[in-house]
Amino acid sequence: LGAKNETQVKLLLEKSKIFVNPSTYALQTWGIANLEAMAAGLAVVAFDVGGTAEYLRDGVNCLVPKHPSGKGIGEALERLIGNAELRGRLGKTAKETTAAKYSAERMGKEYIALYSRGK
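Residues numbered from 1 in each chain as written. Predicted model: local features only at pLDDT ≥ 70, side-chain atom pairs only at ≥ 80, totals over all residues. Heavy atoms only, no water.

### Points about the packing of aromatic side chains
Counted by the stated rule, this structure contains four aromatic pairs. Their ring planes at 75 degrees and their centres at 6.2 Å tell us that Tyr 55 and Tyr 102 sit as a pair that is edge-to-face. Of the two residues, Tyr 55 sits in the loop between strand S2 (43–46) and helix H3 (70–81) while Tyr 102 sits in the loop between helix H4 (84–101) and helix H5 (104–117), which places them 47 residues apart along the sequence. A relative accessible area of 22% means that Tyr 102 is categorised as partly exposed. Ring geometry for Tyr 111 and Tyr 115: centres 6.3 Å apart, planes at 15 degrees, overall stacked. (Phe/Tyr/Trp six-rings, centres within 6.5 Å; stacked < 30°, edge-to-face > 60°. Helix = DSSP H or I, 4+ residues; strand = E, 2+ residues; numbered from the N terminus. Buried < 20%, exposed > 50% of the residue type's maximum accessible area, 1.4 Å probe, protein only.)

See the structure below:
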């Protein structure tokens, strides 16, 4: 798809039902694309690498393939494509996760608290 601006990314996420992040890069610091997709209420398929372990919960707010490969992604996609209830449940929980833990308001308060301790 190439580079997209914030508005284009938002439109693409709104039109989607499933988000796949195929990265197996162990130094993945956070995986912000996963969080953006989760905040949009999508069912997410992503590997547990780097910082993603802080928020990915297999079967709760995403699917984490057992095999870090195309086969693992394919198996997860088969589960999601054929099961609207599962897609809906994962998407709903993913959205709740991001709203509770990673909203701009909450992150702002946490940064203020962090910097206030240093005074």
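Still more ground to cover, so stick around.
### A short note on H3
Spanning twelve residues, H3 covers 16 Å between terminal C-alpha atoms, matching the ideal 16 Å at 1.5 Å per step. For H3, the set of buried residues is Gly 72, Ile 73, Ala 76 and Leu 80. For H3, the angular spread of the buried residues around the axis is 95 degrees, confining them to a single face. Set apart from the buried face of H3 by more than 90 degrees, the exposed residues are Gly 70, Lys 71, Glu 78 and Ile 81. (Expected span 1.5 Å × (residues − 1). Arc of directions from axis to C-beta.)

### Some thoughts on the pattern of salt bridges
Counted under the stated rule, the structure contains six salt bridges. Between Lys 66 and Asp 58 there is a salt bridge whose closest N-O contact spans 2.8 Å. Owing to a relative accessible area of 65%, Lys 66 belongs among the exposed residues under this scheme. (Salt bridge = Lys/Arg side-chain N within 4 Å of Asp/Glu carboxyl O.)

### So, the packing of helix H2 (residues 32–39) against H4
Here H2 crosses H4 at 115 degrees, and the two axes come no closer than 7 Å. In this view, H2 runs roughly perpendicular relative to H4, as classed from their interaxial angle. Every pair of crossing elements has a handedness; the one defined by H2 and H4 is left-handed. Every residue of H4 that contacts H2 at Leu 35, Met 38 and Ala 39 is listed here: Gly 91, Ala 94, Lys 95, Thr 97 and Thr 98. (Axes fitted to C-alpha atoms, helices over the stretch in contact; angles between N-to-C directions. Parallel < 35°, antiparallel > 145°, perpendicular 65-115°, else oblique. Left-handed = near helix turned anticlockwise from the far one by under 90°. Contact = heavy atoms within 4.5 Å.)

### Observations regarding the layout of surface pockets
By volume, the largest pocket amounts to about 240 Å³. In this structure, the largest pocket is lined by Leu 1, Lys 4, Val 9, Leu 12, Leu 13, Ser 16, Ile 18, Phe 19, Ala 33, Glu 36, Ala 37 and Leu 42. Of all the secondary-structure elements, those providing two or more residues to the lining of the largest pocket are helix H1 (6–14), strand S1 (18–21) and H2. Among the residues making up the lining of the largest pocket, the classes are represented as nine nonpolar, one polar and two charged. Counted as a void, the second largest pocket has a volume near 200 Å³. If you trace the second largest pocket, you find it lined by Glu 6, Val 9, Lys 10, Leu 13, Glu 14, Glu 36 and Ala 40. At five residues, the largest contribution of residues to the lining of the second largest pocket is made by H1. Within the lining of the second largest pocket, the residues separate by chemical class into three nonpolar, no polar and four charged. (1 Å grid on protein atoms, 1.4 Å probe; cavity = no way out; pocket = protein on both sides within 12 Å on 5 of 7 lines; lining within 4 Å. Points joined across faces, edges and corners; volume = space filled by probe spheres on them. Nonpolar A, V, L, I, M, F, W, Y, C, P; charged D, E, K, R; others polar.)

### Examining the pairing of S1
Residue alternation in S1 divides its side chains into a buried set, Phe 19 and Asn 21, and an unburied set, Ile 18 and Val 20. Where S1 and S2 come together, four bridges link them in parallel fashion. In the strand pairing of S2, Ile 18 is matched with Ala 43. (Pairing = 2+ DSSP bridges.)

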